[in-house]
Amino acid sequence: MRQNPQTAGRLRPVDLARRHGLSTQAVRNYEAAGILPAAGRTVHGYRTYAPLHAAALGTFLALVPGHGHATATAIMRAVNREDPAEALRLVDESHVQLLEDRRTLDAVERALHDLGPGAVPAPDDGAGPGAMFVGPLSGRLGIRPATLRKWERAGIVTPRRDPRTGYRVYDRADVRDAEMAHQLRRGGHRLEQIAPLIAQVRAAGGPEPLAAALRDWHDRLAARGRAMLAGAAELDAYLRERERPVRAQGPHRPQDT
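Everything numeric here is computed off the predicted structure, so don't read it as measured data. (Residues numbered from 1 in each chain as written. Predicted model: local features only at pLDDT ≥ 70, side-chain atom pairs only at ≥ 80, totals over all residues. Heavy atoms only, no water.)

## Notes on the packing of helix α3 (residues 51–67) against helix α4 (residues 69–80)
In step 1: Here α3 crosses α4 at 140°, and the two axes come no closer than 7 Å. By the angle between their directions, the pair α3 and α4 is classed as oblique. The chirality of how α3 crosses α4 is right-handed. Residues A56, T59, F60, L63, V64 and H67 of α3 lie in contact with α4, whose contacting residues are H69, T71, A72, T73, I75 and M76.
In step 2: Residues that form the contact of α3 with α4 fall into these classes: 7 nonpolar, 5 polar and no charged. (Axes fitted to C-alpha atoms, helices over the stretch in contact; angles between N-to-C directions. Helix = DSSP H or I, 4+ residues; strand = E, 2+ residues; numbered from the N terminus. Parallel < 35°, antiparallel > 145°, perpendicular 65-115°, else oblique. Left-handed = near helix turned anticlockwise from the far one by under 90°. Contact = heavy atoms within 4.5 Å. Nonpolar A, V, L, I, M, F, W, Y, C, P; charged D, E, K, R; others polar.)

So this is what it looks like as structure tokens:
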């Protein structure tokens, strides 16, 4: 008969910490955050962990590279409160975001491919075809209008003012530049790195200034996809471990220190 994974093979906080180069305080923090199941206690009130806790910690650390700390935390909390459907929904959302990032990158590359001398359209009188005001553009990118104004101060976008309303108008070239800037920001590039790249693309009329950055972002997306696969394998193993039949045990009562 199988042993209860919650109680078999007692481990100390330091045992879990050493396996992953963490501090014992980090392990306790992960437990407090719901990333690990509640620890058992000795008769003297000391925490004791089991192989299931070690599996939970390994799963969380495997999920972080692909999903990020916040989503990995939410996934583990859902599993530990016996809500695997919510955990899988969160995993699905990360995959949707990865796919959207790939599509955005493809769109940026297509836009750059089409660049050439004279490709930037002349200003229109009013919003004009392909132009957008600040609200719709910020909504399209999923950012705040204040972020677009910050990009304007950094020289990344150069909107004009509508002669009738005074509102900022982002022409097609600005929309393209904002999309490129958004993608590069998601790839970890700083504004002071992005502004010169955008300026060079405008001046050169071609994709060469961004080629290296885009190759780097392709590599980042590929690494993130592989990390999601590795995290999925760990999560599946952890779910299977939690689903194993257990032997009847006495009450398991975590206590506060």
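## Focus on the pattern of salt bridges
Two side chains of opposite charge can pair, provided their charged atoms sit close to one another.
In step 1: Enumeration over the complete set of coordinates arrives at 12 salt bridges.
In step 2: Residue R47 is joined to E31 by a salt bridge in which the shortest nitrogen-to-oxygen separation is 3.0 Å. Residue R47 is located in strand β2 (residues 47–48), and its partner E31 is located in helix α2 (residues 24–32); the two are separated by 16 residues in the primary sequence.
In step 3: The class for R47 is partly exposed, based on a relative accessible area of 24%.
In step 4: Measuring nitrogen to oxygen at the nearest pair gives 3.0 Å for the salt bridge that ties D171 to R160. In this pair, D171 sits in the loop between β5 (168–170) and α8 (172–186) while R160 sits in strand β4 (residues 160–161), placing the two residues 11 residues apart along the sequence. Summarising the burial analysis for this pair, D171 and R160 share the class buried.
In step 5: Among the charged side chains, a network of salt bridges with common partners joins E86, R89 and E93. (Salt bridge = Lys/Arg side-chain N within 4 Å of Asp/Glu carboxyl O. Buried < 20%, exposed > 50% of the residue type's maximum accessible area, 1.4 Å probe, protein only.)

## A closer look at the sheet that holds β4
In step 1: Spatial strand order, β3-β5-β4: 3 strands in an open sheet with antiparallel pairing. Each edge of the sheet is formed by a strand with only one pairing partner; in this case those strands are β3 (132–133) and β4.
In step 2: Bridge count for β3 against β5 is 2 bridges, and the pairing is antiparallel. From the neighbouring strand, F133 faces β5, where its bridge partner is V169. (Pairing = 2+ DSSP bridges.)

## Considering a positive patch on the surface
In step 1: Taken together, the side chains of R144, R149, K150, R153 and R185 present a region of like positive charge at the surface.
In step 2: Ranked by the residues each element gives to the positive patch, the list is headed by helix α7 (residues 145–153), at 3 residues.
In step 3: Structurally, R185 is set in helix α8.
In step 4: Under the relative-accessibility criterion, R185 is labelled partly exposed at 39%. (Patch = residues over 30% accessible without salt bridge, like charges linked within 9 Å, V, L, I, M, F, W, Y side chains within 5 Å. Areas by Shrake-Rupley, 256 points an atom, 1.4 Å probe, with all protein chains shown as cover. Lys, Arg positive; Asp, Glu negative; His and termini not counted. Charge placed at Lys NZ, Arg CZ, Asp CG, Glu CD.)

## Observations regarding the nonpolar core
In step 1: Counting residues in each nonpolar core, the largest one holds 26 residues, and the members touching the most others are L16, V27, L36, Y49, I75, M76 and L235.
In step 2: For this core, the secondary structure elements donating two or more residues are α1 (13–20), α2, α3, α4, α5 (84–113) and α10 (208–243).
In step 3: Not counting the four nearest positions on each side in its chain, L235 is found in contact with T59, L63, I75, V79 and V91.
In step 4: Listed in part, the 20 residues of the second largest apolar core include I143, V157, M180 and A213. (Core = buried A, V, L, I, M, F, W, Y, C linked by side-chain atoms within 4.5 Å.)

Treat this as a map of the structure, not an account of what it does.
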